[in-house]
Amino acid sequence: AQSVTQPDIHITVSEGASLELRCNYSYGATPYLFWYVQSPGQGLQLLLKYFSGDTLVQGIKGFEAEFKRSQSSFNLRKPSVHWSDAAEYFCAVGHDNYGQNFVFGPGTRLSVLP
Amino acid sequence: EPEVTQTPSHQVTQMGQEVILRCVPISNHLYFYWYRQILGQKVEFLVSFYNNEISEKSEIFDDQFSVERPDGSNFTLKIRSTKLEDSAMYFCASRSGTSVAGELFFGEGSRLTVL
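Just so you know, these numbers come straight off a predicted model, no measurement behind them.

Q: Lay out the nonpolar core with the relevant residues and their values.
A: Considering soluble globular proteins, one finds that nonpolar side chains tend to be buried as a cluster. A:Leu19, A:Trp35, A:Leu47, A:Leu48, A:Phe74, A:Leu76 and A:Tyr89 are the most contacted members of the largest nonpolar core, which has 27 residues in total. Mapped by element, the contributors of at least two residues to this core are β2 (10-14), β3 (19-21), β5 (32-38), β6 (45-50), β8 (64-68), β9 (73-78), β10 (87-94) and β12 (108-113) of chain A. Of all the elements, β10(A) adds the most residues to this core, at 4 residues. Formed by 22 residues, the second largest nonpolar core is a distinct cluster that contains B:Cys23, B:Phe61, B:Ile79 and B:Leu112.

Below, the structure written as structure tokens:
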């Protein structure tokens, strides 16, 4: 069964600084990879996804992520963080028809200092 | 832009009571899902639904849970007799049937508090 790890439980960055959130997955083939953001008390918003093709994918809100097969990673990046980016970020892995095969990581909470 | 809508946004109930959480998936979608997130924990799969029947369910989805699509637009999750540990945020999701994968669209969630 596939699994997702997000090594950082909580990250704090200063506004304007760059950001990288780590995600590693375990799955035998190339999975479908996703990053979701959840603001406090809110739902899950899709930031970006990777299915195939170019390994560097662009998302909303200035985020990007790079799929590295050799490292089984799909790290999320942003060159300059805004205070409104403070939220919980979830990496997810899916394949087949999802359901049991759509697995979320434990999440990384991002705090942004003014 | 089409979206998945969920009601209620927050429900407080007494232990042992029945709860129904409602979802309106995106209209041309064919696959429907419920996930839940206990406070501070990861999002977990509950059940998937396709062609008017459950296609897959997790160990969490025991006999106290049921789902149905009563009228072709709503997709409901019923908890027959709530327990304290059912307190969580419940997310509905849907996707189209045009590809094996495709994007899962999530609703904003229904927060259930069991007292």
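Q: An account of the layout of surface pockets is requested, with residue identities and associated values reported.
A: Considering only enclosed or pocket space, the largest pocket measures out at about 650 Å³ in volume. If you trace the largest pocket, you find 27 residues lining it, with A:Leu44, A:Gln45, B:Phe106, B:Gly107 and B:Glu108 closest to the centre. Mapped onto the lining of the largest pocket, the elements with two or more residues apiece are β5 and β6 of chain A together with β1 (5-7) and β10 (105-106) of chain B. For the lining of the largest pocket, the leading source of residues is β5(A), giving 3 residues. Among the residues making up the lining of the largest pocket, the classes are represented as 12 nonpolar, 11 polar and 4 charged. Volume-wise, the second largest pocket comes out at about 340 Å³. What lines the second largest pocket is a set of 19 residues, and nearest its centre among them are A:Gln38, A:Glu88, B:Gln37, B:Leu39 and B:Gly40. For the lining of the second largest pocket, the secondary structure elements donating two or more residues are β10 and β12 of chain A. Taken together, the residues of the lining of the second largest pocket break down into 8 nonpolar, 8 polar and 3 charged.

What counts and how
- Per-chain numbering applies: the sequence of each chain, read as written, is numbered from 1 onward.
- Following the order in which they are written, the chains are lettered starting with A and the ligands numbered starting with 1.
- For this predicted model, a pLDDT threshold of at least 70 governs which residues receive local features, and a threshold of 80 or more governs which side-chain atom pairs are given and counted, while totals over whole chains, interfaces and linings are taken from all residues.
- In computing side-chain properties, one takes all heavy atoms of the structure into account and sets aside hydrogens as well as water.
- As used here, the term nonpolar core means buried Ala, Val, Leu, Ile, Met, Phe, Trp, Tyr and Cys residues forming a set that is joined through side-chain atoms within 4.5 Å.
- Exposure categories follow from relative accessible area, calculated using a 1.4 Å probe and restricted to protein chains: below 20% of the type maximum is buried, above 50% is exposed, and the middle band is partly exposed.
- Helix numbers and strand numbers start at the N terminus; a helix is a DSSP run of H or I with at least 4 residues, a strand a run of E with at least 2.
- Residues are called lining when one of their atoms sits within 4 Å of a cavity or pocket point, these points coming from a 1 Å grid over the protein atoms alone, where a cavity is a set in which a 1.4 Å probe fits but cannot get out and a pocket is an open set with protein on both sides within 12 Å along at least five of seven lines.
- Grid points are joined across faces, edges and corners, and a volume is the space filled by probe spheres set on the points.
- Here the nonpolar group is Ala, Val, Leu, Ile, Met, Phe, Trp, Tyr, Cys and Pro; Asp, Glu, Lys and Arg are the charged ones; every other residue, Gly included, is treated as polar.

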